[in-house]
Amino acid sequence: MTRDTIVLIGAGLASIHAAETLRAEGFDGKVLLFSEEDHPPYDRPPLSKGIITGAVSVSDCSLRLPSWYSDNRVDLVLGARVDALDAANRTIRLASGEVIHFDLALLATGARIRWPGRLCVRSERVCALRTLDDALAIRSQLVPGATVAVVGGGFIGAELASSARALGCEVIMFEAAPAPFQRTLGHTVGAMFAEFYATCGVAVMTDVPIAELCTAAGGVRITATDGRAWDVDVAVIGVGVDPNVELAAAAGLRVADGVEVDERCTTSAPHVYAAGDVARRPDPIFGGRTRVEHWQNAQHQGIAAARAMMGSGDVMVEVPWFWSDQFGSNVQVAGSPQRADRVLTRGSLSSDAFTAYYLHGTALVATLGVNAVKEVHLGRRLIGERATLDIGVLSDGAAQLGDAVTAPRVPMK
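Small disclaimer: the values here were computed from a predicted structure and weren't measured. (Residues numbered from 1 in each chain as written. Predicted model: local features only at pLDDT ≥ 70, side-chain atom pairs only at ≥ 80, totals over all residues. Heavy atoms only, no water.)

Caption draft 1: Representation of the sheet that holds strand 3 (residues 74-77). Ordered by their spatial adjacency, five strands build an open sheet running 3-2-1-7-19, and the pairing between neighbours is parallel. With partners counted over all chains shown, the strands left at the sheet margins are strand 3 and strand 19 (272-274), one partner each. Averaged over all adjacent pairs, the angle separating strand axes in this sheet is 20°, with direction ignored. Here strand 2 (residues 30-34) runs beside strand 3; their pairing, made up of four bridges, is parallel. Bridging from a neighbouring strand, Val31 pairs with Val74 of strand 3. Sitting on the sheet, helix 1 (residues 13-24) is in contact with strand 1 (5-9), strand 2, strand 3 and strand 7 (104-107), with an inclination near 175° to strand 2. Strands in contact with helix 9 (residues 295-309) are strand 1, strand 7 and strand 19; relative to strand 7, the strand with the most contacts, it is inclined by about 165°. (Pairing = 2+ DSSP bridges. Helix = DSSP H or I, 4+ residues; strand = E, 2+ residues; numbered from the N terminus. Axes fitted to C-alpha atoms, helices over the stretch in contact; angles between N-to-C directions. Contact = heavy atoms within 4.5 Å.)

Below, the structure is given as structure tokens:
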């Protein structure tokens with residue numbers, strides 16, 4: 001295939017896999033990869049774990065070796081912010097003022113930390129974790145004996161709490177809801193995680209909306225809406241992310257909690273595609289539209305977008321799946337727990353294995369496993385096959401997940 005130029009805006013997992021796929025599929029034109037950061041593209045999962053603890057080096061996080069870019073004729077442009085996209089005329093404008101023409105473009109602009117307006121501005125001791133520079137800055141603060149506040153009881157916050165405890169820090173986790181993960185995993189499982197974190201030495205403060213964070217002498221003062229206050233050495237904000245849609249919105253593309261794309265990652269402009277955390281696509285499993293912020297989703301959407309650029313008619317169909325390593329345990333989630341109207345649990349988080357099955361009626365919509373890889377992978381396959389389950393059988397702690405399947409399965413496309 002001969003085209004002049006494909007531009008990839010955002011240098012994360014989606015763009016790297018898109019570039020790799022374009023070359024594998026025979027694209028022989030220019031591939032320009034633009035990154036706002038000065039670091040070569042890197043993997044994000046180690047940021048809250050190995051980078052924080054020092055077990056992983058910065059170079060270990062690189063998504064590709066430096067030679068890969070020249071070997072694959074990918075022009076990596078670091079420290080280059082794309083300020084404008086003209087979809088009609090197929091140009092982008094860099095912050096430097098340079099205008100570049102493209103034939104096809106991929107928006108992989110990712111997401112940014114949600115910074116609550118009521119909290120104080122980011123400082124040396126009040127920070128967030130999204131980039132490699134963020135992780136390095138936080139690591140410098142986590143000395144043995146330091147008191148660390150994690151504001152937000154999500155997976156990144158939990159991983160950071162785990163790393164801080166491993167470094168000998170005291171950790172307080174603040175969550176505005178009645179339990180960590182309540183919005184994603186539900187109250188039952190969230191409350192179990194709260195108890196588990198307490199046994200790991202984390203002070204879990206639930207039902208505590210934060211009114212203000214202010215830097216004080218040598219630390220940070222955290223004030224709740226009910227007037228209670230805590231003094232800590234460092235606070236890390238982890239209350240979620242917002243998709244970086246500004247470039248797409250200014251270009252007139254359809255946006256709604258992300259850049260809207262079709263089944264092949266095409267935006268409302270036919271020569272512009274989107275993938276990764278910023279893309280909101282039709283959900284082939286559950287219906288409606290969804291925006292997924294998981295590692296594997298970014299990888300596979302980048303591949304799908306590149307194949308669509310090359311004329312492939314394939315549609316990406318997969319059940320969402322992600323993992324989290326924390327406090328010596330591997331947590332995996334498949335499916336969409338928010339769609340459940342009941343949850344069945346087996347085991348305890350402090351034991352060798354724990355599993356939660358999320359059901360909507362008799363349909364399995366999600367599976368969570370702690371040190372239970374096989375159960376989660378089977379659950380993921382059954383969700384994709386639209387399997388329905390016998391609740392009585394599944395409630396029997398001795399029965400296997402496969403034993404509870406009742407309805408004929410529909411193979412995933």
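Caption draft 2: Helix 7 (residues 187-199), seen in detail. For helix 7, built from 13 residues, the straight-helix expectation of 18 Å at 1.5 Å per residue is met to within 8% by its first-to-last C-alpha distance of 19 Å. Among the residues of helix 7, Val189, Gly190, Phe193, Ala194, Phe196 and Tyr197 are the ones counted as buried. In an axial view of helix 7, the angular spread of the buried residues amounts to 165°, which keeps them on one side of the axis. Helix 7 presents Glu195 and Thr199 as exposed residues on the side facing more than 90 degrees away from its buried surface. Downstream of helix 7 by a residue or two, Gly201 has a phi angle that is positive, lying close to 90°. (Expected span 1.5 Å × (residues − 1). Buried < 20%, exposed > 50% of the residue type's maximum accessible area, 1.4 Å probe, protein only. Arc of directions from axis to C-beta.)

Caption draft 3: Seen up close, the UniProt feature "domain: Reductase C-terminal" (unreviewed entry) in the chain. Residues given the UniProt feature "domain: Reductase C-terminal" (unreviewed entry) here are residues 321-403. Helix makes up 20% of residues 321-403 and strand 41%. Its end C-alpha atoms lie 23 Å apart. (UniProt positions renumbered as here; feature names shortened; annotations may be inferred.)

Caption draft 4: Focus on the pattern of salt bridges. Following the criterion strictly, the structure yields 18 salt bridges and no others. A salt bridge links Glu20 to Arg64; the nearest nitrogen and oxygen atoms lie 3.0 Å apart. Of this pair, Glu20 sits in helix 1 while Arg64 sits in the loop between helix 2 (50-53) and helix 3 (66-71); the two residues are 44 residues apart in sequence, bridging distant segments of the chain. Taking the relative accessible area as the measure of exposure, Glu20 reaches 29% and is therefore partly exposed. Arg165 is the salt-bridge partner of Glu170, the closest N and O atoms lying 3.9 Å from each other. (Salt bridge = Lys/Arg side-chain N within 4 Å of Asp/Glu carboxyl O.)

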